[in-house]
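The residues making up each chain are set out below.
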Amino acid sequence: VMDTQALRRFLKDYRRLGELTPLRGIISIELLRREEFIVQFVEERVHFDLVIIDEAHHCRNPETSTNALATVLGENADAMVLLTATPLHLGNQDLFHLLQLLSPGEFDDFALFEERIQPNRHINVAARFIEKRMPGRALAELRQVERASESQFVTKHPYYAEVGTLLECDELSRERALQAQRLLLELNTLAHIFTRTRKREVIRDAPLRDAQIVHFDFGERERAFYD
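Conventions adopted
- Each chain has its residues counted from 1, following the order in which its sequence is written.
- Predicted model: local features are reported for residues with pLDDT of at least 70 only, side-chain atom pairs are reported and counted for 80 or more only, and whole-chain, interface and lining totals are derived from all residues.
- Side-chain calculation: all heavy atoms of the structure are included, whereas hydrogens and water are not.
- Every helix listed is a DSSP run of H or I at least four residues long, and every strand listed is a run of E at least two residues long, numbered separately from the N terminus.
- What the globule rule says is 2.2 Å times the number of residues to the power 0.38, and the radius of gyration is computed from C-alpha atoms.
- Contact definition: two residues touch when any of their heavy atoms are within 4.5 Å.
- To measure how exposed things are, a 1.4 Å probe is used in the Shrake-Rupley method; for residues, cover is taken only from the protein chains shown.
- Just so you know, the count uses Lys and Arg for positive and Asp and Glu for negative, and it drops His and the chain ends.
- By convention, charge coordinates are those of NZ in Lys, CZ in Arg, CG in Asp, or CD in Glu.
- To define a nonpolar core, start from buried Ala, Val, Leu, Ile, Met, Phe, Trp, Tyr and Cys residues and group those joined through side-chain atoms within 4.5 Å.
- Exposure classes here rest on a 1.4 Å probe applied to the protein chains alone. A residue is buried below 20% of its type maximum, exposed above 50%, and partly exposed in between.
- Salt bridges are defined as contacts in which a side-chain nitrogen from Lys or Arg sits within 4 Å of a carboxyl oxygen from Asp or Glu.

Participant: Account for the overall build of the protein, naming residues and giving values.
Facilitator: Counting secondary structure elements, the protein contains 13 helices and two strands. Scaling as 2.2 N^0.38, a compact globule of 227 residues should have a C-alpha radius of gyration of about 17 Å, whereas the protein reaches 24 Å, well beyond that. In the protein, once contacts between residues fewer than 6 apart in sequence are set aside, the share between residues at least 24 apart is 65%. Approximately 15700 Å² of the protein is accessible, and the part contributed by carbon and sulfur atoms is 49%. Each charge sign in the protein was given a centre, from 30 positive and 37 negative side chains, and these centres are 2 Å apart.

Participant: Provide a residue-level description of the nonpolar core, including the pertinent values.
Facilitator: Residues L7, F41 and I53 are the most contacted members of the largest nonpolar core, which totals 28 residues. Of all the secondary-structure elements, those providing two or more residues to this core are α1 (4-17), α2 (29-32), α3 (35-44), β1 (48-53), α4 (65-75), β2 (77-82) and α5 (92-102). Take this core: its biggest share by element is five residues, from α1. Contact partners of L7, with chain neighbours within four places excluded, come to M2, I27, L31, L32, F37 and F41. Among the nonpolar cores identified, the runner-up in size contains 19 residues, and A126, V145, A177 and A180 belong to it.

Participant: Can you lay out unusual backbone geometry for me, pointing to particular residues and giving the numbers?
Facilitator: Residue R45 is not a glycine yet carries a positive backbone phi of 50°. When you line up the elements, R45 lands in the loop between α3 and β1. At E55, a residue that is not glycine, the phi angle is positive and equals roughly 50°. Inspection of the secondary structure puts E55 in the loop between β1 and α4. By relative accessible area, which is 40% here, E55 ends up partly exposed.

Participant: Can you break down the environment of L31 residue by residue, with the values?
Facilitator: Looking at the element boundaries, L31 is found in helix α2. With residues near it in sequence (within four places) discarded, L31 still touches M2, D3, T4, L7 and F37.

Participant: Explain the pattern of salt bridges residue by residue, including any values.
Facilitator: All told, the structure shown has six salt bridges when counted by the stated rule. Residue E106 is joined to R116 by a salt bridge in which the shortest nitrogen-to-oxygen separation is 3.0 Å. On the criterion of sequence distance, the pair formed by E106 in the loop between α5 and α6 (110-116) and R116 in helix α6 is long-range, its members being 10 residues apart. Judged by relative accessible area, which is 13%, R116 ranks as buried. The partner of R223 in a salt bridge is D227, and the shortest N-O contact between them spans 3.2 Å.

Dropping the structure here:
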C-alpha cells in the first residue's frame, strides 16, 4: 500500500531507471489523481502491465480529474480491469464513458453505442422469462432481436440458433434453462468487454433465512421511548 512519499520515490527511480523500476502497489484514486502525478505519468510514459481500478463508476464523468487519471493509466497499460458494483444503475452514457476507458477506439460514438446495445434489451427480457420457466415467451422475445438495427452482432453468433433450439419446448428443465441462460450471456453485444456477476452466482451454500416473530411486552420506559 503506497502513500505519497512512496509514489514520489517510485517516480524518481523510474525517471532514472525506466522500466527496470517495477510498480506493484495499491494506491488510492485520491492520491493518484493529483495533477503532479498525472503529469509525471504522461511525461515519463510510465508503463503498466495491468491496472485494476476499484469503484470504477467514479471515473464515469469525462469532465473530472478521476476520469483523466483513468484515461492516462489506460493509455499506458497493456491491460486494464474496471470493477464496480453499480454500473447498471447508471445511465447508458455513464456506461459508455466507462467502456471508452477500456477500448477508446471501439467506443467513440455514443449514438452508435446505443444502437449496438439495442439487442441486449430483448436478451435481458428473454433471460427473465427463462428464469420463470416460460420458454415460449423467452423465444418470442429473443426473436425481437432481429428487428434491431445492429441485430447481426447477435443473429450471426452460433449460440443464437442454439438458444432457439433449447427454447423450442413446452417445459423447460432446470438444466436446459441454465444452459440457455449461459448462452444468452455470450449473446450480449458487450460480452467481449463486460461481465456481470450476481451474488447468487458466487455464494455457495448460502444460509436460508428462517424468520420468526417474537412477541414481547414493552416496559413503561420502553413504551414511552417507542411512542
